Amino acid sequence: MNPNMSHRRISPFRLAMILLGAALLLAAGWLVLQNLDEQRSAEESASHLLDLAEQHLSELSSSAPAGSASDPWEDYEIDGILSIPTLGLRLPVLADYSDALLQLSVCVLEKEADGSRMVIAGHNYRSHFGQLHELTQGDPVSYTGADGEERSYRVSAVTDIADDDRQGLEAGEWDITLLTCNLDMSRRVLVRLIRDP
């Protein structure tokens, strides 16, 4: 041992700060892993529900007999299929809305009785609505209802509002609004769609 080397003792405060920093890094890593797992699960759920929706639509068009009494369509009411080619998305739209359902796929938040206007909400998962902000005016979108009718739309605006701005959500001329939150959840991203003539 070199006699010129002195032993420096780490102060209790410094040791506590090092341990706290390590604990915070571990907690952050755990949260990232949880978020990635939640997104993977949501992607798998949406894919499964999309398969069911497409099977249902195929049965409608081929006049094949409906599924059995244990048909998974009885577990989840699917309003239709949303297709956004620009983002490579094709998602089943659940007819009901809840936090649990949002973890499976996008959901109808609001729909007028005559179906003329609808708000579809989804989490900002990569496989759901995480890329809505990349859409631009004129991008095509289609919506196939559970009745099998496909309707074509165009993006008329991409904007954002405060998370509690109910008036901003309802304002303007649009047929469908796609709604998600930004990354820090402080604002809501809105994509307004107008039906093609």
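Keep in mind that what you see is a predicted model, and the values were worked out from it rather than measured.

Student: So what's going on with the sheet that holds strand β7 (residues 176–181)? Residues and values would help.
Tutor: Within a sheet, each strand pairs with its neighbour through backbone hydrogen bonds, oriented either parallel or antiparallel. Taken in spatial order, the eight strands close into a barrel running β1-β2-β3-β4-β7-β8-β6-β5, and their pairing is mixed. Put simply, the sheet's adjacent strands are angled 35 degrees from each other on average, direction ignored. Pairing analysis gives five bridges linking strand β5 (residues 140–145) to strand β6 (residues 150–162), with the strands arranged antiparallel. Paired with P140 across the two strands is R154, which belongs to β6.

Student: Any details on the confidence of the model for the protein chain? Residues and values, ideally.
Tutor: As a general rule, the predicted coordinates of low-pLDDT regions are not to be interpreted in detail. Residues at a pLDDT of 70 or more form 88% of the protein chain, whose mean pLDDT is 83. Across residues 64–73 the pLDDT falls below 50, and counting only partners more than four positions away or on other chains, this stretch makes 11 contacts in the model.

Student: Which residues make up the pattern of salt bridges, and what values do they have?
Tutor: Where charged atoms from two side chains of opposite charge come close, those side chains can pair. Tallied over the full model, the rule gives eight salt bridges. For D160, the salt bridge is made with R187, and the minimal N-O distance between the two is 3.1 Å. Note that D160 is positioned in strand β6 and R187 in strand β8 (residues 187–195), a separation of 27 residues in sequence. Residue D160 is classed as partly exposed on the basis of its relative accessible area of 38%.

Student: Tell me about the pairing of strand β4 (residues 118–121), and please be specific about residues and values.
Tutor: For a regular strand, side chains alternate in direction, first toward one face of the sheet and then toward the other. What you see with β4 is no split at all: M118 and I120 on one side and V119 and A121 on the other are buried throughout. By the bridge criterion, four bridges tie strand β3 (residues 106–111) to β4 in an arrangement that is antiparallel. Following the sheet pairing, C107 is matched in β4 by A121. Between β3 and the antiparallel strand that follows it, β4, lie six residues; G115 among them carries a positive phi value of about 75 degrees. Taken together, the four bridges between β4 and β7 define a ladder with parallel strand orientation. Within β7, the position partnered with M118 by the bridge is I176.

Student: Can you break down a nonpolar patch on the surface residue by residue, with the values?
Tutor: Taken together, the side chains of I10, L15, I18 and L19 present a nonpolar region at the surface, about 390 Å² in accessible area. Locating I18 in the fold gives a position in helix α1 (residues 12–62).

Student: Provide a residue-level description of the nonpolar core, including the pertinent values.
Tutor: Within the largest apolar cluster, 23 residues are counted, with the highest numbers of intra-cluster contacts made by I84, I120, L132 and L178. When residues of this core are traced back to their parent elements, those giving at least two are β1 (78–84), β2 (89–94), β3, β4, β5, β6, β7 and β8. Once residues lying within four places of it in the same chain are set aside, the contact partners of I120 are V93, V106, C107, L109, F129, Y143, I176, T177, L178 and L179. Within the second largest apolar cluster, 12 residues are counted, among which are L50, L52, I81 and L104.

Student: Kindly report on unusual backbone geometry, identifying the contributing residues and their values.
Tutor: Backbone geometry at M185 places phi at a positive 65 degrees, although glycine is not the residue there. Structurally, M185 is set in the loop between β7 and β8.

Student: Before we move on, can you summarise the packing of aromatic side chains with the specific residues and values?
Tutor: The relation between two aromatic rings is expressed through the spacing of the ring centres and the mutual angle of the planes. If you walk through the whole model with that rule in mind, you get zero aromatic pairs. Above the face of the W174 ring, R117 is positioned so that its terminal group lies 3.7 Å from the ring centre.

Rules of the game
Residues numbered from 1 in each chain as written. Predicted model: local features only at pLDDT ≥ 70, side-chain atom pairs only at ≥ 80, totals over all residues. Heavy atoms only, no water. Pairing = 2+ DSSP bridges. Helix = DSSP H or I, 4+ residues; strand = E, 2+ residues; numbered from the N terminus. Axes fitted to C-alpha atoms, helices over the stretch in contact; angles between N-to-C directions. pLDDT = per-residue confidence, 0-100. Contact = heavy atoms within 4.5 Å. Salt bridge = Lys/Arg side-chain N within 4 Å of Asp/Glu carboxyl O. Buried < 20%, exposed > 50% of the residue type's maximum accessible area, 1.4 Å probe, protein only. Patch = residues over 30% accessible without salt bridge, like charges linked within 9 Å, V, L, I, M, F, W, Y side chains within 5 Å. Areas by Shrake-Rupley, 256 points an atom, 1.4 Å probe, with all protein chains shown as cover. Core = buried A, V, L, I, M, F, W, Y, C linked by side-chain atoms within 4.5 Å. Phe/Tyr/Trp six-rings, centres within 6.5 Å; stacked < 30°, edge-to-face > 60°. Lys NZ or Arg CZ within 6 Å of the ring centre and 35° of its normal.

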